[in-house]
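Now for the letters of each chain:
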Amino acid sequence: MFQQSLETSKPILILNLRGAAARALPGIGACAAIAGLAYGFRTLPGVHDFSPMIIAIALGILIRNTVGTHGALTAGIGFSMRRLLRLAIILLGVQLTFGQVAETGVRGVAIILAAVGATFLFTLAIGRLIGADPRLTRLIAAGTSICGASAVAAANSVVDAHDEDVAYAVACVTVFGSIAMFAYPLLQGVLDLAPRDYGLWAGSSIHEIAQVVAATFAVGREAGDFGTVAKLTRVMTLAPMVFAMAAFLPSLGETSSERPKAPLPWFVLGFIALVAVNSIVSIPSAFKADTSVVSTFLLTMALAAMGLETSIAKLKAKGLKPALTGALASLFIASLSLMLIRLT
């Protein structure tokens, strides 16, 4: 009887899966097209230093608030924002090893961990003090303390904020990270920082990986190499930070003391597993390069999807308090990391 029921349900299940895939394809295709455009825009003068993720979310917002998005795209946009984002974060693990942490040294790791933890807590505190939206504050805290847009997107898996909050947080870390990208090389001589100290300062405080690369290699190869390793070490804090947010930060929204906590982001375990594999097994550099391309493109698609769901009117309604929170958080991490480098 059970076998007969199972055989009967198989065609229905297959049809449902096919139907879901067919509904998602138009939206996935739209997100892929926007991601492709973002890569194309990076070839323009003055745009190369910006991450394709940043360009993609800007394009998505532009499209949503001018021509709008058709209902047929909804399923694929949601799939890109959630499933493809999780897959992209898992694949990031192929680029990192525990050996890279060792290259940074005990001093470097200590400075990075202190900067990440203190900045996250400072951002939550300052956001609460000035009355910024709590969910948006948490996203800004993750993006500023860890790795920009990808950290914002990953943190939203447990914050569960509106797409406008994600777009606002990405805008904050993009603007203030870009300011740092141009300002840091000018400050290097003024502060009389040695190349490795300068690289550590940039890697431990500038938001996006692309911004760190631009800011450090502008000074020299030694600063660029060390800054990149320092930044990758900082990216490795993404997994424990997202887990900590899910496990320890209280839920937002409802007033009931019995409200459930945010679910643990189990996809982050995939990220950690790939870091472990990459640390133990010698993965060919060509495979790493290909995986990096795929991961970045999937992240770009996810950010494009978030842009397609973002209303500028709702962004304006957020006011300037979150932007002030992001500015103060960026100043804090820059000042704290520089002070720690000086003291040690």
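Residues numbered from 1 in each chain as written. Predicted model: local features only at pLDDT ≥ 70, side-chain atom pairs only at ≥ 80, totals over all residues. Heavy atoms only, no water.

**What about the overall build of the protein chain?**
Spelled out, the test is: Counting from the N terminus, the helices are the DSSP runs of H or I reaching at least four residues and the strands are the DSSP runs of E reaching at least two. A simple rule labels every residue: compare its accessible area, found with a 1.4 Å probe on the protein chains alone, to the largest value its type can have, and call it buried under 20%, exposed over 50%, or partly exposed in between. The contact rule is simple, with two residues in contact once any of their heavy atoms fall within 4.5 Å. We get accessible surface area from the Shrake-Rupley algorithm with a probe of 1.4 Å; when it comes to residues, only the shown protein chains can shield them.
The helix and strand tally for the protein chain stands at 14 helices and zero strands. What you see in the protein chain, going N to C, is helices and strands ordered as α-α-α-α-α-α-α-α-α-α-α-α-α-α. Looking at the protein chain as a whole, 48% of its 344 residues qualify as buried. If you take every contact in the protein chain between residues at least 6 apart in sequence, the share linking residues at least 24 apart comes to 80%. When the accessible surface of the protein chain is summed, it comes to about 16000 Å², and 69% of that surface belongs to carbon and sulfur atoms.

**Overview of unusual backbone geometry**
The general pattern is negative phi for most residues beyond glycine and trans for most peptide bonds. The backbone of aspartate 160 sits at a positive phi, close to 55 degrees, despite the residue not being glycine. With relative accessibility at 60%, the residue aspartate 160 sits in the exposed group. In this structure, aspartate 192 takes a positive phi of about 55 degrees despite not being glycine. In this fold, aspartate 192 is placed in the loop between α6 (163–191) and α7 (195–205).

**Re the pattern of salt bridges**
Definition in use: Think of a salt bridge as a Lys or Arg side-chain nitrogen and an Asp or Glu carboxyl oxygen that are within 4 Å of each other.
In the structure shown here, the tally under the stated rule is three salt bridges. As a salt-bridge pair, arginine 221 and aspartate 225 come within 3.0 Å of each other at their nearest N and O atoms. Taken as a pair, arginine 221 and aspartate 225 lie in helix α9 (residues 221–235) at a separation of four residues, close to a single helical turn. Aspartate 225 sits in the partly exposed class, given a relative accessible area of 34%.

**Some words on the packing of α7 against helix α8 (residues 209–217)**
Put simply, the rule is: In this description, a line fitted to the C-alpha atoms serves as the axis of each element, helices being fitted only across the stretch in contact, and the angle between N-to-C directions of two axes falls anywhere from 0 to 180 degrees. Oblique is the label for every angle not falling under 35 degrees (roughly parallel), over 145 degrees (roughly antiparallel), or within 65 to 115 degrees (roughly perpendicular). A crossing counts as left-handed when the near helix is turned anticlockwise from the far one by less than a right angle, and as right-handed when that turn is clockwise.
Contact geometry of α7 with α8 gives a least axis separation of 9 Å together with a crossing angle of 160 degrees. Overall, the two elements α7 and α8 adopt an arrangement that is roughly antiparallel. Taken as a pair, α7 and α8 cross one another with a handedness that is right-handed. Between α7 and α8, the residues in contact are Tyr198, Gly199, Ala202 and Gly203 and Val212, Ala215 and Thr216, respectively.

**Regarding a nonpolar patch on the surface**
Going by this rule: Patch construction takes residues with relative accessible area above 30% that form no salt bridge. Like charges are linked within 9 Å, and nonpolar side chains (Val, Leu, Ile, Met, Phe, Trp, Tyr) are linked within 5 Å.
A surface patch of nonpolar side chains, about 260 Å² in accessible area, is lined by Leu37, Phe41 and Leu44. Residue position: leucine 37 is located in helix α1 (residues 2–41). The exposure class of leucine 37 is partly exposed, given its relative accessible area of 48%.

**Observations concerning the confidence of the model for the protein chain**
Cut-off, in case you're wondering: Looking at any residue, its pLDDT shows the predictor's confidence there, from 0 to 100.
Taken over all residues, the pLDDT of the protein chain has a mean of 84, while the share at 70 or more is 90%. No element of the protein chain has a lower mean pLDDT than α1, which averages 70, and none a higher one than helix α14 (residues 321–343), which averages 95. Under a pLDDT of 50 for its full length, residues 254–262 has, in the predicted model, 14 contacts with residues more than four places off or in other chains.

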